[in-house]
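Residue-level structural notes
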Amino acid sequence: MRLVVSLGGNALLRKGQAITAENQRENAAMAAMWLAPVFREHDVVIAHGSGPQLAMLALQSFSYRVAEPTRLDLLCAQAGGETGYLLARELRNKLGSDRHVVAHMAQVLVNADDEAFGKPAKPIGPFYERTYAHQLRQLRGWQFADFDGEYRRVVPVPRLLETIEIGAAKSMLGSGTAVVMCGPVPVAAGSGGELHGMEALPDKDEFASLLARELDADGLLFLTDVLSVATDYGKPEQRQIRQATPASLGTLAFDPSSMGPKVKAACDFVEASHRWAAIGSISNVEHVLSREAGTRVVPTMAGAIDFWPR
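Helix and strand counts for the chain come out as nine helices and 15 strands. Relative to its length of 310 residues, the chain is compact, with a C-alpha radius of gyration of 20 Å against a globular reference of 19 Å. Dimensions along the principal axes, computed over C-alpha positions, put the chain at roughly 55 × 50 × 45 Å. When each of the 310 residues of the chain is scored for burial, the buried share is 49%.

Laid out in structure tokens, this is it:
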């Protein structure tokens, strides 16, 4: 099968862990160990989150009050390159000569006139007190949102149109090479077709769904640190979903900062391709593929939602 595998940011950094080189290396090695059997059996493209890495780079950039902070497109490239390098390296270590692995920077096209640029909503960087946030707004043109009396920069999340390097990814897959698509880096096209970076943050789950459609993938996997999608998450009545359709999932509410974007991206792919997507734990990836774990999103099924036994 041809698969797109989307790794959550926890692939390289788990909650509460310090952002150290050794922690990231150990987690990348663990992710590679779980993924190696999938790479041996299937043609795989990896998309990944780099939230913790990007947040640290942004914090470092924002700490310089005189120098101009690094643009968001460059921060996306830096964080994506760091994450992609570690994943590709550790996959090579696990696969040996069984499969070539390439880390490839991905630029993703957005519309410079996307309405999201007028409604920035994604928080990034540290919290500031009100006066300093106002000064930064005046000095740099940044937008801020109020989080219980503290202020944090918010940036646009525009809709993704196409992956610039999709042709290269197809060629590498066709030659038997596994691909880690780093980033993505948001770009827009000028009047002459030239590309320029944009001050925005692409949604990593939307990017994985786009990649899967562009590559005509047989399946799309979102691998994170939860067993499956659940209703009433964290409550006594919580139930784990085994299988559902996009229509049935559309009737449920999910956390917009965590599971919600994954469910939407999975549903978008299934509706567009009439194939399947799955969401589950990275440590269970082989069982998720064989439908023995995780949540499978399918075009049609008998009944509304199938739950795992309690």
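With that settled, consider the packing of aromatic side chains. Given two aromatic rings, their pairing is described by the distance between the two centres and the angle made by the two planes. Inspection of every chain in the model, using the stated rule, returns four aromatic pairs. Look at tyrosine 128 and tyrosine 132: their rings are 5.3 Å apart centre to centre, the planes differ by 75 degrees, and that puts the pair in the edge-to-face class. A relative accessible area of 9% means that tyrosine 128 is categorised as buried. Judged by relative accessible area, which is 15%, tyrosine 132 ranks as buried. With centroids separated by 5.9 Å and ring planes inclined at 80 degrees, the aromatic side chains of tyrosine 128 and phenylalanine 144 adopt a geometry described as edge-to-face.

Next up on the list: the packing of helix H6 (residues 204-214) against helix H8 (residues 259-273). Look at H6 against H8: their axes get within 8 Å of each other, and the N-to-C directions meet at 15 degrees. Here H6 is positioned roughly parallel relative to H8, judged by the angle of their axes. Along this stretch, H6 crosses H8, giving a crossing that reads as right-handed. Contacts between H6 and H8 involve Lys204, Asp205, Glu206, Ser209, Ala212 and Arg213 from the first element and Pro261, Lys262, Ala265, Asp268, Phe269 and Ala272 from the second.

Taken as a whole and judged by the stated rule, the model has nine salt bridges. Linking glutamate 22 and arginine 25 is a salt bridge whose minimum nitrogen-to-oxygen distance equals 2.9 Å. One end of the pair is glutamate 22 and the other is arginine 25, both in helix H1 (residues 21-41) and three residues apart, which spans about a single turn. The exposure class assigned to arginine 25 is partly exposed, which follows from its relative accessible area of 29%. Where glutamate 90 meets arginine 89, a salt bridge forms, and the shortest distance between an N and an O atom there is 3.0 Å. Glutamate 90 sits in the buried class, given a relative accessible area of 5%. Accessibility expressed as a relative area gives 25% for arginine 89, which makes it partly exposed.

Take the nonpolar core next. Counting residues in each nonpolar core, the largest one holds 40 residues, and the members touching the most others are Val4 and Leu211. By size, the runner-up hydrophobic cluster in this structure holds 28 residues, among which are Ala31, Val180, Leu221 and Leu289.

Calculation notes
Residue indices begin from 1 for each chain and proceed along its sequence in written order. A pLDDT threshold of at least 70 governs which residues receive local features in this predicted model, and a stricter bar of 80 or more applies before side-chain atom pairs are shown or counted, although totals over entire chains, interfaces and linings include all residues. Each side-chain value is derived from all of the structure's non-hydrogen atoms; neither hydrogens nor water enter the calculation. The helix count covers DSSP runs of H or I at least four residues long, the strand count covers runs of E at least two residues long, and both are numbered beginning at the N terminus. Radius of gyration here uses only the C-alpha atoms, and the compact-globule reference equals 2.2 Å multiplied by the residue count raised to the power 0.38. Note on exposure labels: buried denotes an accessible area under 20% of the residue type's maximum, exposed denotes more than 50%, and partly exposed covers the range between, all computed with a 1.4 Å probe on protein chains only. Ring pairs shown here join Phe, Tyr and Trp side chains whose ring centres sit within 6.5 Å, with only the six-membered ring taken for Trp; geometry is labelled stacked below 30 degrees between planes, edge-to-face above 60, and tilted in between. Axes here refer to lines fitted to C-alpha atoms; in helices the fit is confined to the stretch in contact. Angles between the N-to-C directions go from 0 to 180 degrees. For classification purposes, angles smaller than 35 degrees are called roughly parallel, those larger than 145 roughly antiparallel, those between 65 and 115 roughly perpendicular, and all remaining angles oblique. Working rule for handedness: look at the near helix, and if it is turned counterclockwise from the far one by less than a right angle, call the crossing left-handed; if clockwise, right-handed. The contact definition used throughout considers only heavy atoms, calling two residues in contact when any of these lie within 4.5 Å. The rule for a salt bridge is simple: a side-chain nitrogen of Lys or Arg has to be within 4 Å of a carboxyl oxygen of Asp or Glu. Only buried residues count toward a nonpolar core. Its members are Ala, Val, Leu, Ile, Met, Phe, Trp, Tyr and Cys residues joined through side-chain atoms within 4.5 Å.

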